[in-house]
Amino acid sequence: MNTFSSIRELLLALYREEKLLTEMFKKRKTTDYKYEYALDLVENNDNKLQYLIDRSVIRQNGNNLEIDDLYLQFFEQVLDANEEINTSYINENLEKVKQNIDYYFNEQNEQRKYEYLRIIKNTLRKIGIITLRNIVDLKRNIDNTFKSEPTYKNKRAKLINLDNKRKGITKLIEQTEYLITEDDITFFRTATDEELTRIIVQLKMQLSKCTHNLIEIERQVIDFLNQIQQQSGVIEKLRQIKYLKDQFILETTTDIKQVVAANKSVIFEPKPNYPLKLSLEYLQTDEVAFASIKKIANRLKLGTKLKHPVADKISDEYLETQFEEEIQINLEEVKNSFVASSHNLFDFVMNYNFIKNVSFDERVTIYCQLVSQYENAFEITEQFAEKDDIEFAMIYPK
Amino acid sequence: MEVPAQTAEIFKILSKGQFISSNSSDKMINTLFNVIDEERNFDKLYEYFLNINFVLEKGEEYFYFSRSETKVDLENKIETAFRWIDIIDFFKTFDNSFSTGYRFTPSEILVRIKTDAELETKLDGLKKHTDKEKHQDILDKILKKLIDETFIELENEITNQYKVLASFKYLEQLILTINIPDEVKNEIPE
């Protein structure tokens with residue numbers, strides 16, 4: 001089996017087939033990534049694929065290809081996308097710390113002692129990061145399982161397994177805490193190294209963060225498990241009840257009657273309506289109510305013909321005829337009398353015996369009226385006479 | 001007695017036999033839920049409504065009314081319960097996880113019916129509760145009823161997406177309280 005001879009070669013190889021690896025990584029969940037698909041992505045160059053296969057980046061299984069587990073894990077861990085939660089890794093690191101502490105104590109040479117201390121520091125730092133990452137993975141996995149696992153039994157089993165993982169992590173955190181605070185207290189006291197102290201403080205903070213997260217995860221898992229329990233409980237019960245109901249024996253075989261009778265919920269009652277009358281005061285004073293009333297009144301008007309209002313009877317008083325007399329002077333008659341006489345018109349009018357009392361001024365007016373109306377029947381002369389400051393023309397009949 | 005300002009609205013909804021659920025997307029219902037959910041308020045409202053013979057009941061994330069005496073006879077109640085059993089059975093057949101918070105559109109159900117004979121039979125079985133013939137009409141009527149009873153709500157009018165409210169738990173709880181004697185249980189086929 002060929003291996004890469006340097007990091008540079010490895011990185012170059014990965015970069016060269018970046019397209020293929022990206023695609024295969026995306027499809028890592030589906031088992032069959034066909035050789036032909038892969039060929040398409042490497043410009044149909046068989047040698048390129050073979051190169052990767054030779055160096056165990058890709059594994060060939062019949063006609064299918066998959067990314068080698070080593071690389072897959074690396075990618076997943078670096079990209080925070082792994083679904084496997086591996087507690088053994090933490091455990092291993094823990095062991096490594098313990099062993100190195102032993103070596104540290106046994107070693108007399110300062111140089112080598114420092115070397116061990118360095119390993120211990122590195123490992124402790126790693127423990128913190130791995131634990132935190134594991135917890136993030138755990139939380140995501142629990143969420144995903146609950147939301148997307150379609151099979152009930154598997155969902156439950158998976159959640160229980162994840163819960164066990166959680167317990168494992170909790171235990172490891174406890175062990176780590178025990179290690180750095182009590183177990184090897186002599187080491188942590190004697191190895192006075194500033195960086196070590198800082199790493200330990202950091203680790204403690206990370207661990208306490210993890211513990212808090214784990215408490216939340218525990219609550220969530222319990223909640224999810226309860227929901228599943230409740231769901232499957234309901235479904236099972238429903239199935240049984242439906243069966244009995246379809247057999248028409250639900251009422252006789254179960255206590256449904258008692259259950260329903262004991263249930264006094266309002267939802268069983270028909271919807272009530274409250275036919276309350278409107279407040280009169282409201283109707284009289286409110287603007288909105290008035291608008292509604294007008295609207296309804298209008299609507300009513302359309303359908304029915306309104307009766308025309310009948311006026312009251314006219315009182316008899318108004319019907320009685322009443323007389324008013326007014327004496328009018330008949331100018332025609334006066335003219336006729338004048339024509340028959342020989343007086344001048346003015347004197348005639350002054351002396352005419354009217355049926356009512358006529359004043360001097362009125363007589364002058366009658367004189368004028370006669371002249372203007374019957375001009376043709378009279379002979380108007382050029383002579384003038386005067387009486388009571390009135391100058392008048394002498395007029396005779398024709 | 002000091003009662004919250006929303007008491008009248010709460011009464012209006014609950015006295016119709018409807019529920020006030022925590023996960024309603026209706027803002028008003030949501031506010032009302034929070035008002036009742038406050039412990040101080042709950043006690044006051046409980047006392048207040050008790051005076052007019054309504055018992056304010058607290059379920060898991062929902063509230064409803066019951067009363068000490070109901071005017072409905074047993075037969076009607078059993079009929080209602082039977083209807084609910086049929087309806088829940090139908091939706092649970094559609095999707096096992098049909099419960100509080102579940103979202104669906106009627107078209108999803110109708111599409112499934114075409115390929116799922118069991119679901120189709122069950123929908124046909126719901127005919128008797130709706131007086132309708134066409135699948136879509138039956139489903140629409142059932143959904144409308146569930147909306148009226150505030151077990152579900154139309155969450156998105158544009159996509160016609162419905163959401164199951166917290167009050168659905170009430171139905172599940174009712175199912176769970178029915179006790180099947182062991183000897184009867186043994187006769188039910190798996």
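Computed from a prediction, not measured in an experiment: that's the story for all the values here.

## Here's the deal with the overall build of chain B
Check the secondary structure of chain B and you find nine helices and six strands. Going through the 190 residues of chain B one by one, you find that 49% of them count as buried. Carbon and sulfur atoms provide 46% of the accessible area of chain B, an area that totals close to 9,900 Å².

## Comments concerning the packing of helix H16 (residues 331-340) of chain A against helix H18 (residues 360-373) of chain A
Residue and element names in this part refer to chain A. Remark: H16 packs on H18, axes separated minimally by 11 Å, with the N-to-C direction vectors making an angle of 80 degrees. Of the possible angle classes, the one that applies to H16 and H18 is roughly perpendicular. Of the residues in H18, those in contact with Leu331, Val334 and Lys335 of H16 are Ile366, Gln369, Leu370 and Gln373. Residue composition of the contact of H16 with H18, by class: four nonpolar, two polar and one charged.

## So, the pattern of salt bridges
Enumeration over the complete set of coordinates arrives at 33 salt bridges over all chains. Lys26(A) is the salt-bridge partner of Glu23(A), the closest N and O atoms lying 3.9 Å from each other. Of the two residues, Glu23(A) and Lys26(A) are both situated in helix H2 (residues 18-26); the distance of three residues between them amounts to about one turn of the helix. Overall, Glu23(A) belongs to the partly exposed group, its relative accessible area being 22%. For Asp86(B), the salt bridge identified is with Lys242(A), shortest N-O distance 2.7 Å. Here Asp86(B), found in helix H4 (residues 74-94), pairs with Lys242(A), found in helix H10 (residues 194-246), and the two come from separate chains. Each of the two residues, Asp86(B) as well as Lys242(A), counts as buried.

## A closer look at a nonpolar patch on the surface
All names here are of chain A. A cluster of nonpolar side chains, contributed by Phe74, Val78 and Leu79, occupies part of the molecular surface with about 310 Å² of accessible area. Within the secondary structure, Leu79 sits in the loop between helix H5 (69-78) and helix H6 (87-106). Accessibility expressed as a relative area gives 54% for Leu79, which makes it exposed.

## Overview of unusual backbone geometry
Most peptide bonds take the trans configuration, and most residues that are not glycine carry a negative phi. One non-glycine residue, Ser56(A), lies in the positive phi region at around 60 degrees. Within the fold, Ser56(A) resides in the loop between helix H4 (46-54) and strand S2 (58-61). Using a relative accessible area of 14% as the deciding quantity, one classes Ser56(A) as buried. Its identity as a non-glycine residue notwithstanding, Thr150(B) has a phi of 55 degrees, on the positive side. The class for Thr150(B) is buried, based on a relative accessible area of 14%.

## What to know about the sheet that holds strand S3 (residues 64-67) of chain A
Across a sheet, strands are paired by hydrogen bonds formed along the backbone, either parallel or antiparallel in direction. Residue and element names in this part refer to chain A. The three strands are arranged S1-S3-S2 in an open sheet whose pairing can be described as antiparallel. Edge positions in the sheet fall to strand S1 (33-34) and S2, since each has one partner strand and no second. Together, S1, S2 and S3 form the strand contacts of H2, whose direction differs from that of S3 by roughly 95 degrees.

## Some details on the packing of aromatic side chains
Inspection of every chain in the model, using the stated rule, returns 38 aromatic pairs over all chains. Ring plane angle 15 degrees and centroid distance 4.6 Å describe the contact between Phe91(B) and Phe98(B), whose orientation is recorded as stacked. Both residues of the pair, Phe91(B) and Phe98(B), count as buried. Joined through ring pairs, the aromatic side chains of Phe268(A), Phe19(B), Tyr62(B), Tyr64(B), Trp84(B), Phe151(B) and Tyr170(B) make up one cluster. Directly above the ring of Phe4(A) sits Arg55(A), whose terminal nitrogen or CZ lies 5.9 Å from the centroid.

## Section: the packing of H4(B) against helix H7 (residues 135-148) of chain B
A pair of packed helices is captured by two measures, namely the crossing angle of their axes and the spacing between those axes. Residues and elements named next belong to chain B. H7 packs onto H4 with a crossing angle of 115 degrees between their chain directions and a minimal axis gap of 12 Å. The angle between the axes of H4 and H7 places the two elements in the roughly perpendicular class. In terms of crossing hand, the pair formed by H4 and H7 is left-handed. Between H4 and H7, the contacting residues are Arg83, Ile87, Phe90 and Phe91 on the first element and Leu139, Ile142, Leu143, Lys145 and Leu146 on the second. Residue composition of the contact of H4 with H7, grouped by class: seven nonpolar, no polar and two charged.

## So, the sheet that holds strand S6 (residues 161-164) of chain B
Residue and element names in this part refer to chain B. Strand order in the open sheet formed by three strands is S4-S6-S5, and the pairing between neighbours is antiparallel. Each of the sheet's edge strands pairs with one partner strand only, and the pair in question is strand S4 (103-104) and strand S5 (152-156). Across four bridges, the pairing between S5 and S6 is antiparallel. Bridge pairing links Ile152 to Val164 in S6.

## Things to note about the side chain of Glu17(A)
Residue and element names in this part refer to chain A. Secondary-structure assignment places Glu17 in the loop between helix H1 (7-16) and H2. Judged by relative accessible area, which is 4%, Glu17 ranks as buried. Excluding residues within four positions of it along the chain, Glu17 makes contact with Val42, Lys48 and Leu52.

## A word on the interface of chain A and chain B
With 36 residues of chain A in contact, the opposing surface of chain B contributes 52 residues. For the pairing of chain A and chain B, the buried interface totals around 4,100 Å² over both sides, and the portion due to carbon and sulfur atoms is 68%. Per-residue buried area on chain A facing chain B is highest for Leu238(A), Ile267(A) and Phe268(A); these three make up 16% of the total on that side. At the junction of chain A and chain B, the tally comes to four salt bridges. At the junction of chain A and chain B, the tally comes to 13 residue pairs in polar contact (both at pLDDT 80 or more). Among the secondary structure elements, those contributing two or more residues to the side of chain A that touches chain B are H10, helix H11 (250-253) and helix H12 (256-262) of chain A. Here the side of chain A that touches chain B is built from residues that sort into 18 nonpolar, eight polar and 10 charged.

Cut-off values and rules
- Residues numbered from 1 in each chain as written.
- Chains lettered and ligands numbered in written order.
- Predicted model: local features only at pLDDT ≥ 70, side-chain atom pairs only at ≥ 80, totals over all residues.
- Heavy atoms only, no water.
- Helix = DSSP H or I, 4+ residues; strand = E, 2+ residues; numbered from the N terminus.
- Buried < 20%, exposed > 50% of the residue type's maximum accessible area, 1.4 Å probe, protein only.
- Areas by Shrake-Rupley, 256 points an atom, 1.4 Å probe, with all protein chains shown as cover.
- Axes fitted to C-alpha atoms, helices over the stretch in contact; angles between N-to-C directions.
- Parallel < 35°, antiparallel > 145°, perpendicular 65-115°, else oblique.
- Contact = heavy atoms within 4.5 Å.
- Nonpolar A, V, L, I, M, F, W, Y, C, P; charged D, E, K, R; others polar.
- Salt bridge = Lys/Arg side-chain N within 4 Å of Asp/Glu carboxyl O.
- Patch = residues over 30% accessible without salt bridge, like charges linked within 9 Å, V, L, I, M, F, W, Y side chains within 5 Å.
- Pairing = 2+ DSSP bridges.
- Phe/Tyr/Trp six-rings, centres within 6.5 Å; stacked < 30°, edge-to-face > 60°.
- Lys NZ or Arg CZ within 6 Å of the ring centre and 35° of its normal.
- Left-handed = near helix turned anticlockwise from the far one by under 90°.
- Buried area = accessible area lost by both parts, 1.4 Å probe.
- Polar contact = N/O pair within 3.5 Å; in protein donor to acceptor, adjacent residues only side chain to side chain.

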